[in-house]
Amino acid sequence: MTRRLKAARLGPRDVLHVGSAGLRSRPMRVVLSALGIAIGIATMISVVGISASSQAQLLRELDKLGTNLLVASPGESMFAGEDVKLPEESVGMVGRIDGVQDVGATGDLDASVRRNEKIDEGDTGGIVVKATTEDLLKVLRGEIGSGGWLNDATGRYPSVVLGHVSAKRLGITGPGRQVWIGDRYFTVVGILAPLPLAPEIERSALVGWTGAKRLLDFDGHPTSVYERSTDASVGDVRKVMGATVDPRNPQNVKVSDPSSALRAKAATEGAFSSLLLGLGGIALLVGGVGVANTMIISVLERRYEIGLRRSLGATRGQIRIQFVTESLMLSGLGGLAGVALGATATGVYAGSGGLPWVVPLWAVSGGFAATLAIGTVAGLYPAIRASRLSPTLALHAA
């Protein structure tokens, strides 16, 4: 009685060895095939990483600036053509609300700021002149870029603090310079750092409250009242702020939350990224087609090898495993290169823009898993085709 011979089993090490044999013999083809996968993954990783880095920066700004800032400003009057003004005592009234920690205010002035009196009065550059209370910078949690802030002394005299954007438009790089406001020169005592929660302040020239009354005919009515309250009391303060600012006409007071714009921007930061992710997915599919094409050509070129292995006892299953493994390794190499390229691109973008470098783990793991899935699918047909080759026909064709 004859014993039936069994095919030798391939261990994991053997599978890797035979699977990598085709890659080692054709390195240039491997690089070109893996490049398509790498481009697709790099696109997806960089898009997600850049979006996540921008979102992290916005959330960092929110943490720094806080979400407990409210602004009261004049709304629209019920009577057409009637100007709405906040009462002069608005600042003090808001400061007495339970939970309010700091209050500041600005008032719009009927004046323009120019480099000198020779410049046309209508050439404002989009800069407005505002009177300001001394506590405004504290309420906004702002910082001075250069120079100093207005105090009891400078706030009484022709001194001005320029917003970040205003200074650029006027060509002022530091304190000590003079600008023309109203009918006289004002000395620049400071320039503010950027204020994400108050872009209107960035485009303003700020004059002390007392000095504005004495020198620029300011009527003392605030245009915007800024308050900073405890986090727990923001909702309660918002409910009563309008009636507190103007008890007689609370409907004429508009209360807004500047941080809501940043929160909305952070929430929608990835909206545009979906389109780019789709393009990255298409590039990944194209890369998968390239892998499949490479594997089919590899099967045609290696028919002699396949026929020889089959004649020496290799089963169809072992042939399939060999070519699927080769496809997986080819896609895996492209995936690893793509992850590295995408993370590097995100790092370069974040570093150039001063953003935190964030590459979500789900994007890396999901992207790499996608490459393995594509590698498996791309290698199935060539592997099945290779396993169905007849040993005698394959050797004869070679």
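Below or above, wherever it landed, is the structure these notes cover. All of these numbers come straight from a predicted model, not from anything done at the bench. (Residues numbered from 1 in each chain as written. Predicted model: local features only at pLDDT ≥ 70, side-chain atom pairs only at ≥ 80, totals over all residues. Heavy atoms only, no water.)

1. Examining the overall build of the protein
In step 1: Check the secondary structure of the protein and you find 14 helices and eleven strands.
In step 2: In the protein, 81% of the contacts between residues at least 6 apart in sequence involve partners at least 24 apart.
In step 3: Summing over all exposed atoms, the protein offers an accessible surface of approximately 20,600 Å²; the carbon and sulfur share of this is 58%. (Helix = DSSP H or I, 4+ residues; strand = E, 2+ residues; numbered from the N terminus. Contact = heavy atoms within 4.5 Å. Areas by Shrake-Rupley, 256 points an atom, 1.4 Å probe, with all protein chains shown as cover.)

2. A word on the pairing of strand β6 (residues 159-162)
In step 1: Residues Ser159 and Val161 line one face of β6 and the alternating positions Val160 and Leu162 line the opposite face, and both faces are buried.
In step 2: Pairing geometry for β6 and strand β8 (residues 184-192), over four bridges, is parallel. Bridging from a neighbouring strand, Val161 pairs with Gly190 of β8.
In step 3: Where β6 meets strand β9 (residues 204-208), three bridges bridge the pair, whose relative direction is antiparallel. (Buried < 20%, exposed > 50% of the residue type's maximum accessible area, 1.4 Å probe, protein only. Pairing = 2+ DSSP bridges.)

3. Section: the pattern of salt bridges
In step 1: Taken as a whole and assessed by the stated rule, the structure comprises five salt bridges.
In step 2: For the salt bridge of Arg184 with Asp183, the shortest nitrogen-to-oxygen distance reads 3.6 Å.
In step 3: The partly exposed category is assigned to Arg184, whose relative accessible area is 33%.
In step 4: Exposure remark for Asp183: the relative accessible area of 54% places this residue in the exposed category. (Salt bridge = Lys/Arg side-chain N within 4 Å of Asp/Glu carboxyl O.)

4. A word on a negative patch on the surface
In step 1: Negative charge collects at one region of the surface, where Asp110, Asp120, Glu121 and Asp123 lie side by side.
In step 2: Examined against the element boundaries, Asp123 turns out to sit in the loop between β3 (113-114) and β4 (128-132). (Patch = residues over 30% accessible without salt bridge, like charges linked within 9 Å, V, L, I, M, F, W, Y side chains within 5 Å. Lys, Arg positive; Asp, Glu negative; His and termini not counted. Charge placed at Lys NZ, Arg CZ, Asp CG, Glu CD.)

5. What to know about the packing of helix α12 (residues 316-353) against helix α13 (residues 361-387)
Think of two packed helices as two axes; the pair is described by the angle between the axes and how far apart they sit.
In step 1: For the pair α12 and α13, the least separation of the axes is 7 Å and the interaxial angle reads 150°. Looking at the two axes, α12 sits roughly antiparallel to α13. Considering the relative orientation of α12 and α13, their crossing is right-handed.
In step 2: For the contact of α12 with α13, a count of residues per class yields 14 nonpolar, nine polar and two charged. (Axes fitted to C-alpha atoms, helices over the stretch in contact; angles between N-to-C directions. Parallel < 35°, antiparallel > 145°, perpendicular 65-115°, else oblique. Left-handed = near helix turned anticlockwise from the far one by under 90°. Nonpolar A, V, L, I, M, F, W, Y, C, P; charged D, E, K, R; others polar.)

6. A word on the environment of Asn293
In step 1: Note that Asn293 resides in helix α10 (residues 273-301).
In step 2: Linking Asn293 and Ala378, residues 85 residues apart in sequence, is a C-alpha distance of 8.3 Å.

7. Quick notes on the environment of Thr244
In step 1: Tracing the backbone shows Thr244 in helix α8 (residues 234-245).
In step 2: Each C-alpha atom, one on Thr244 and one on Val91, is 9.8 Å from the other, the two residues being 153 residues apart in sequence.
In step 3: Among all residues touching Thr244, those that are not within four sequence positions of it are Met93, Val94 and Ile97.

8. Digging into the nonpolar core
In step 1: Among the nonpolar cores identified, the biggest contains 37 residues, and Val160, Val179 and Ile181 are the most heavily contacted of them.
In step 2: Ranked by the residues each element gives to this core, the list is headed by α8, at four residues.
In step 3: Excluding residues within four positions of it along the chain, Ile181 makes contact with Ala111, Ser112, Val113, Val129, Val160, Phe186, Val207 and Leu216.
In step 4: Core analysis: the next-biggest nonpolar cluster, separate from the first, contains 22 residues, Ala34, Val299, Ile374 and Ala378 among them. (Core = buried A, V, L, I, M, F, W, Y, C linked by side-chain atoms within 4.5 Å.)

9. Comments concerning α12
In step 1: Counted at 1.5 Å a residue, the expected span for α12 with its 38 residues is 56 Å, and the 55 Å between its end C-alpha atoms agrees.
In step 2: Following α12 by one or two positions, Gly354 adopts a phi angle in the positive range, close to 70°. (Expected span 1.5 Å × (residues − 1).)

10. Details of unusual backbone geometry
Note: most peptide bonds trans; most residues except glycine with negative phi.
In step 1: The residue Arg141 is not glycine, and still its phi comes out positive at about 55°.
In step 2: Mapped onto the elements, Arg141 comes out in the loop between α4 (136-140) and β5 (144-147).
In step 3: A positive phi angle, close to 55°, is found at Asp217, a residue other than glycine.
In step 4: On the basis of relative accessible area, Asp217 is assigned to the exposed category, the value being 71%.

11. Quick notes on empty space enclosed by the protein
In step 1: Applying the stated rule across the entire model yields one cavity of 30 Å³ or more.
In step 2: For the largest cavity, the calculated volume is near 70 Å³.
In step 3: As for the largest cavity, its lining consists of eleven residues, and the residues nearest its centre are Leu23, Arg29, Val30, Thr294 and Glu326.
In step 4: Within the residue set of the lining of the largest cavity, elements represented by two or more residues are α1 (12-25), α2 (27-65), α10 and α12.
In step 5: Its residues assigned to classes, the lining of the largest cavity comprises four nonpolar, four polar and three charged. (1 Å grid on protein atoms, 1.4 Å probe; cavity = no way out; pocket = protein on both sides within 12 Å on 5 of 7 lines; lining within 4 Å. Points joined across faces, edges and corners; volume = space filled by probe spheres on them.)

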